[in-house]
Every structure is written in structure tokens, then in C-alpha cells.
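Listed below are the residues making up each chain.
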Amino acid sequence: MRKLKYAARKILTLLLAMALTAAVGCGSPSDQSSTAEETTQNSSQSAPSQEEETNLQPQTQKIVLMAAGDNLIHDVIYHQANRRTGGAGYDFAPAYARIAPLLEEADFAFINQETLLAGEEMEPSSYPLFCSPVEVGEEMIRLGFNLFSTANNHCFDKGEAGLQASARFWEKHPEVAAAGSYADAVQKERLNLVTRGDITVALVAATELTNGLTMPSGSEAGVLLLSDMEEIRRQLAEASQQADLVILSLHWGAEGASVPTENQRELAQELAEAGADIILGHHSHVLQGGEFVETSRGRSYVAYSLGNFISAQIGAQNMLAGLLRIEMTCGGGNAPVIEKVELIPTVTHYGSGFSQLEIWPLADYTPEMAASHGILQHDARFGWEYLQQQLQSLNFGTNSQDSSTATEKVPS
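Owing to the predicted nature of the structure, the values given are computational and were not obtained by experimental measurement.

Student: Now, about the overall build of the protein chain: what can you tell me, with residues and values included?
Tutor: Secondary structure summary: the protein chain contains 13 helices and 17 strands in total. Expressed as a percentage of the 412 residues in the protein chain, the buried residues total 53%. Restricting the contact set of the protein chain to residue pairs at least 6 apart, pairs at least 24 apart contribute 70%. A total accessible area of about 18100 Å² is found for the protein chain, and carbon and sulfur atoms account for 51% of it.

Written out as C-alpha cells, the structure is:
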């Protein structure tokens, strides 16, 4: 069983039967005879039909998971959000408005929150030590994201105080799962779950590095490191017992790399075998493709990197990203069955001087817009043809022995 609730239901039924037996034993012989007769009659009358028994069995359900890459909030992004309110706060909605409809059908939506959401208690800051207004997180939740990785190389940027401030923000939103970094031992041990309807998803998140930053000696705050394989395995095992779907977020690899290393592929295979149904990678800030992984439990899927969901980087390779859309059947006490995987390409667009920075679905983007992109002041490679070449070099498909589909939606 992948979820304990089915076992709990059986235990509850057994306890009720035991309680009834005990109640019968406390009466007089005549009471016992009468009660036993009534119990037999009632049991016979209330015995569920075959159809009712079928309805009590764990049911499967079709769900849609959407996954995004790095929400990388540079200063120009939060400055623009601040100007929209006349300096009275932050309005991030226009930067994400064009891709908002893509997320509406998602039952579960994942994103790597690359920057600390500690701006309610600290001054916002940009590279190399990030701190973002909490309104970023509020906007992500409004868009429909309910699975957040906080394990990345910037999670220690503001020290222990920053990690604790960020944790306090997430504690205000129990409707989402924020996994990876933690402020204390209680948060470290907590399994991060989100339930929608009858389906529960567990999120485990780890990072390969923290840019050389550490927590003070004796601090309970920290982050799950990729080097701690024993703890990752423990969390995956626990997640498999409590959730219908187990997602593992990994901040790994090399920045700027367009393909995963052989070590990443081997690690993905190992962790899929350990219980990860879906592995979502990030950190390279570049799309890297994905593939199915065969395990003794069935099939898992790994996306090695989904690029930048949003950023103000200045490399042509950093502008193209995508929303990974996965259709699957979950529940029923069985491993999830992934039925369709597709990448919906997106582009971060801005004008001269990073003006009007926003995300566009590539399907709505035009060659004329590409020719006006402000990044051309920094990287002359960018353009419509460059975007097409990047897409053509990607592979999010299945292996040749599988009949499932995995495609990229590419505009004509």
C-alpha cells in the first residue's frame, strides 16, 4: 500500500467490532442473547453488496502535474513590481500573466523558488546574495503552485536569520508543501505533503551545493544535501508509504550545461529505484531534456533541468525554458502510471534596460519580438532561429521500447 489510510480504515473497523463485543459481554445472559441475535441480524442486513465493496476499494484518479524551473528574482524584477504599486508594495502579477492560463488545469504544480522569501523581515537584495519580497511567493500560490523546492545554492544567502524568516513565510501557507531547507529540527523531520481530492503528493528536495555557505555551529537550521543519500533514501521510503505520488527535486549539475552528466543519469536511476516517481532537476538555468527510467517498481520520469521560469540573466541560452506537463493515473494503492509528458516552451522577454520583463508562452511569441529583445545588447546570438535550434536539440521523449508519448509543443 502506498498510503496508510486504507490500512487505518481496516483497523478502525476491527476496533469497532471489538468494542461491540465488549459491550455485549457486560450485560446479563438474556441481554447477551438478545444483543447477539440483534447483532447477527444487523450484520446480515448491513453486509455490503459486491458493488458496495467495489466502491470501498481505493480508487485511481487522473491528474495533471505542471512543473517549472527556477524562479530567479533579480532586482530589476522586484523593482518593476514595486513601481507598479507606486512604491507601496509589490505587484508581480503582470510578469507572469501570460502563462497563468497554462497552470489553470494543473492539480499539482511545482516550482524551484531559487531566492529566499525573507523580504518581509529583510531588505530585498539581488545577486550574489538573494532576498525576495514575500509577494513573490504569494503570487506563485495564486497562480496555482502548491509544491515548492527551497533546496538550492542560494538558500543560505542571508544566513540563519534569512532561513528562519523564509520558513516563517511558508508556515503561514499550510496549503502548500515547501521542502528542502528548514529552520529547526521539527521542520527537518516533517514530511511535506499536499492532498487534492483523494490524491496525496509528497515532495522531497535536496541540493548539491550551498555556494560554500554554512549555518552557525549548533544551529538546527539547514538544508537537505544531495551528499546525504541515507537521509534522502529514508525520506523517499517514508513518502512512498504516505503518498500516491513521490516527487524528488534535485538542485544539481553545472550552471550553463545543456546536457546532464553521466553521473546525474546514474543518480537519477538510483533514486528512482529508491522511491522517486518523478525527479525534477534545476540549477543549470538551461533546458536539458528528460527521459523515462525503468525500475523494479515500474517507470519513473526525470527532467534534468527545466531552465529559468523567470530571470534577468543576460545569456541567450537562459531565456528559453518550459512548463513540463505530465498526465498520470494515481491512487488505488498502486504506483502512479505516467501516460503523457510534454514540454510547453516559454521565453523570458524584456526590452531595453530590462524594461517590461515578463514570461511568454513560445506559442504566442513572434520573430519580431525576438528581434526586439533587450538581451541583444548583451548577447547577439539570441533570435527566433536561435530559439528554434535550442528546442530542436532537446529530447523529452521516451525510450524506444515504450509506447507512451513525450513531446515538445513547438510553434510553427
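Student: Go over the packing of helix H10 (residues 229-242) against helix H11 (residues 262-273), please, and point to the residues and values.
Tutor: Two packed helices can be described by the angle between their axes and the distance between those axes. Contact pair H10 / H11: the axes reach a minimum separation of 10 Å and the direction vectors enclose 40°. Taken together, the axes of H10 and H11 lie oblique to each other. Along the contact surface, H10 presents Met 229, Ile 232, Arg 233 and Leu 236, while H11 presents Leu 267, Glu 270 and Leu 271.

Student: Lay out the pattern of salt bridges with the relevant residues and their values.
Tutor: Applying the stated criterion across every chain yields a total of 16 salt bridges. Close ionic contact of Glu 189 with Arg 234 constitutes a salt bridge, the shortest N to O distance being 3.7 Å. With Glu 189 in helix H9 (residues 185-189) and Arg 234 in helix H10, this residue pair connects regions lying 45 residues apart in the sequence. On the accessibility criterion, Glu 189 (47% relative accessible area) is partly exposed.

Student: Which residues make up the sheet that holds strand E9 (residues 245-251), and what values go with them?
Tutor: Sheet architecture is open: six strands sit in the order E6-E7-E9-E10-E12-E11, paired in mixed fashion. Either end of the sheet is taken by a strand with one partner, and the two such strands are strand E6 (192-196) and strand E11 (287-295). Taking each pair of neighbouring strands and ignoring which way they run, the sheet shows an average axis angle of 20°. Here five bridges tie E6 to strand E7 (residues 199-207), and the two strands are oriented antiparallel to one another.

Student: An account of H10 is requested, with residue identities and associated values reported.
Tutor: The end-to-end C-alpha separation of H10 is 20 Å, in line with the 20 Å expected for 14 residues at 1.5 Å each. Of the surrounding secondary structure, the elements contacted by the buried residues of H10 are H9, E7, E9 and H11.

Student: With reference to specific residues and values, describe the confidence of the model for the protein chain.
Tutor: On average, residues of the protein chain score 88 in pLDDT, and 82% of them reach the 70 mark or higher. Here residues 5-45 is a poorly scored stretch, pLDDT under 50, and it has 12 contacts once near neighbours within four places are set aside; other chains count. For residues 398-406, every residue scores under 50 in pLDDT, and the model assigns this stretch 15 contacts once sequence neighbours within four places are set aside.

Student: Mind laying out the packing of aromatic side chains, listing which residues take part and the relevant values?
Tutor: A complete count under the given rule lists 10 aromatic pairs for this structure. Measuring from centroid to centroid gives 6.1 Å for Trp 252 and Tyr 304, while their planes differ by 15°, and the two rings are stacked. A residue pair is termed long-range when its members are at least 10 positions apart, and Trp 252 in the loop between E9 and H11 and Tyr 304 in strand E12 (residues 298-306) qualify at 52 residues. Of the residues examined, Tyr 304 reaches a relative accessible area of 2% and is grouped as buried. Residues Phe 292 and Tyr 301 carry aromatic rings whose centres are separated by 5.0 Å and whose planes lie at 75° to one another, so their mutual orientation is edge-to-face. Both residues of the pair, Phe 292 and Tyr 301, belong to the buried class.

Student: Got a sec to walk through the nonpolar core? Specific residues and values, please.
Tutor: Counting residues in each nonpolar core, the largest one holds 91 residues, and the members touching the most others are Tyr 96, Phe 145, Leu 147, Phe 309, Leu 324, Tyr 365 and Phe 382. By size, the runner-up hydrophobic cluster in this structure holds 25 residues, among which are Ala 206, Leu 236, Ala 243 and Val 246.

Student: Can you tell me about unusual backbone geometry, naming the residues and giving the values?
Tutor: Cis geometry is found at the peptide bond from Tyr 127 to Pro 128, where omega equals 10°. Along the chain, Pro 128 turns up in the loop between strand E2 (108-112) and helix H7 (135-143). In the Ramachandran plot, His 283 falls in the positive-phi region, its phi being about 115° despite a non-glycine side chain. With respect to the secondary-structure elements, His 283 resides in the loop between strand E10 (278-282) and E11. Among the residues examined, His 283 registers a relative accessible area of 3% and is labelled buried.

Rules used throughout
- Just so you know, the residues in each chain are numbered from 1, in the order the chain's sequence is written.
- Residue-level local features of this predicted model are given only where pLDDT is at least 70; pairs of side-chain atoms are given and counted only at 80 or more, and the full residue set underlies all totals for whole chains, interfaces and linings.
- The side-chain quantities take in all heavy atoms of the structure and omit both hydrogens and water.
- In DSSP terms, a helix is any run of H or I states spanning at least four residues, a strand is any run of E spanning at least two, and both are numbered starting from the N terminus.
- A simple rule labels every residue: compare its accessible area, found with a 1.4 Å probe on the protein chains alone, to the largest value its type can have, and call it buried under 20%, exposed over 50%, or partly exposed in between.
- The contact criterion used is simple: two residues touch if any of their non-hydrogen atoms lie within 4.5 Å.
- For the area figures, the Shrake-Rupley method with a 1.4 Å probe applies, and any residue is considered shielded solely by the protein chains shown.
- Whenever a helix is involved, its axis is fitted only over the stretch in contact; in every case the axis is a line through C-alpha atoms, and angles between N-to-C directions fall within 0 to 180 degrees.
- To sort the angles, those under 35 degrees are grouped as roughly parallel, those over 145 as roughly antiparallel, those from 65 to 115 as roughly perpendicular, and the leftovers as oblique.
- Salt bridges are identified by distance alone: a Lys or Arg side-chain nitrogen within 4 Å of an Asp or Glu carboxyl oxygen.
- DSSP-based pairing: two strands are paired if at least 2 bridges between them are found.
- One less than the number of residues in a helix, times 1.5 Å, gives the span that helix is expected to have.
- Known as pLDDT, the predictor's confidence for each residue is given on a scale from 0 to 100.
- For Phe, Tyr and Trp, rings pair up if their centres lie within 6.5 Å, where Trp contributes its six-membered ring, and each pair is then called stacked (planes under 30 degrees apart), edge-to-face (over 60) or tilted (otherwise).
- Note on terminology: a nonpolar core comprises buried Ala, Val, Leu, Ile, Met, Phe, Trp, Tyr and Cys residues joined through side-chain atoms within 4.5 Å.

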